[in-house]
Amino acid sequence: MENTSNVNSSYFQKIVKPCPKITVSGYLLLFIVVVLAGCSSTRRLEKKMHNETYHSLGLEESRKDNFELYKEVASWLYTPHVDGGLSHSGVDCSGFVYMVYKKVYGKTLERNAANILKKNCRKINRSHLREGDLVFFNTAGKGKSSVNHVGIYLKEGGFAHTSSSRGVMVSNLDENYFSKTWICGGRVKD
């Protein structure tokens, strides 16, 4: 009887060729290819997220922007207005400012518009507004200097705030309503 182990062994030696040894440089090259492919996908995903964020806010992206601010504001868009609210289920204007400032800047502000201006800000002119400053309005019509509405300035005249009828939204300071009700800007103190 023929030894089948020798037959099988020689048969497999003809069919199965030994794998070439992969060198350290080969593993390194493979690692680099995998990392670069992953980075490319991550960059595309980040770019898509940036585009969607700015599109939802109606603004153009700039390298100087604090993207964390824009991303956080965008996450609140269309949240309904609820007096005293502090969640994505419902929020008022000062609650919105309070929550965004806490998340983006790590600062705790007062809980109503007048006190935010009085205790947390120094007044600034509209022409000096920059990203993250606060904007104050009197929408009640009671005395020109009383403040009852606050928003967060973004850029290009745009600011985020909570409308009692439309929830969290982005408006423009040049809109007639906001031009008439404007009180001042405020820069949050360190």
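Structure's up top.
Report on the accompanying structure.

Cut-offs applied
- Along each chain, residues carry numbers from 1 onward, in the same order as the chain's sequence is written.
- Residue-level local features of this predicted model are given only where pLDDT is at least 70; pairs of side-chain atoms are given and counted only at 80 or more, and the full residue set underlies all totals for whole chains, interfaces and linings.
- Side-chain numbers here rest on the full set of heavy atoms in the structure, without hydrogens or water.
- Each residue gets one of three labels from its accessible area relative to the maximum for its type: buried under 20%, exposed over 50%, partly exposed in between, using a 1.4 Å probe on protein chains only.
- In this description a helix means any DSSP run of H or I spanning at least four residues, a strand means any run of E spanning at least two, and both kinds are numbered starting from the N terminus.
- In this analysis, rings of Phe, Tyr and Trp, with Trp reduced to its six-membered ring, are considered paired at centre separations within 6.5 Å, and the interplanar angle assigns stacked below 30 degrees, edge-to-face beyond 60, and tilted for intermediate values.
- As used in this record, nonpolar core signifies buried Ala, Val, Leu, Ile, Met, Phe, Trp, Tyr and Cys residues forming a set joined through side-chain atoms within 4.5 Å.
- The contact criterion used is simple: two residues touch if any of their non-hydrogen atoms lie within 4.5 Å.
- For two strands to be treated as a pair, DSSP must find at least two bridges joining them.
- Think of each axis as a best-fit line through the C-alpha atoms, taken over the contacting stretch in the case of a helix, with angles from 0 to 180 degrees between the N-to-C directions.
- The hand of a helix crossing depends on one turn: near helix anticlockwise from the far one by less than a right angle means left-handed, and clockwise means right-handed.
- Three categories are distinguished: nonpolar for Ala, Val, Leu, Ile, Met, Phe, Trp, Tyr, Cys and Pro, charged for Asp, Glu, Lys and Arg, and polar for the others, with Gly belonging to the last.

**Looking at helix α3 (residues 67-76)**
Spacing of three or four residues puts side chains on the same side of an α-helix, whose turn is 3.6 residues.
Thought 1: A large share of α3 lies buried, amounting to seven of its ten residues.
Thought 2: Remark: Y78 follows α3 within two positions and exhibits a positive phi of approximately 70°.

**Concerning the packing of aromatic side chains**
Thought 1: Counted under the stated rule, the structure contains nine aromatic pairs.
Thought 2: Here the aromatic cluster, defined as three or more aromatic residues joined through ring pairs, consists of F137, F159, Y177, F178 and W182.

**Some thoughts on the nonpolar core**
Thought 1: In this structure, V73, F96, V97, I116, L134, F136 and V150 are the most contacted members of the largest nonpolar core, which totals 32 residues.
Thought 2: Mapped onto this core, the elements with two or more residues apiece are α2 (24-57), α3, α4 (93-105), α5 (113-120), β4 (134-137), β5 (149-155) and β8 (182-188).
Thought 3: Listed in part, the nine residues of the second largest apolar core include L129, F137, Y153 and F159.

**Considerations on the side chain of T53**
Thought 1: Within the secondary structure, T53 sits in helix α2.
Thought 2: Taking the relative accessible area as the measure of exposure, T53 reaches 8% and is therefore buried.
Thought 3: Contact partners of T53, with chain neighbours within four places excluded, come to F67, Y70, K71 and A74.

**Section: the pairing of β8**
Thought 1: Taking burial as the measure, the seven residues of β8 include seven buried ones, the bulk of the element.
Thought 2: Where strand β3 (residues 121-124) meets β8, four bridges bridge the pair, whose relative direction is antiparallel. Each residue of the ladder has a partner; that of K123, found in β8, is G186.
Thought 3: Across four bridges, the pairing between β4 and β8 is antiparallel. Paired with L134 across the strands is G186, a residue of β8.

**Focus on the packing of α3 against α4**
Thought 1: Between α3 and α4, the least distance of the axes is 10 Å, while the angle of their chain directions is 145°. Considering the relative orientation of α3 and α4, their crossing is right-handed. Between α3 and α4, the residues in contact are E68, L69, E72, V73 and W76 and F96, M99, V100, K103, V104 and Y105, respectively.
Thought 2: Across the contact of α3 with α4, the residue classes break down as eight nonpolar, no polar and three charged.

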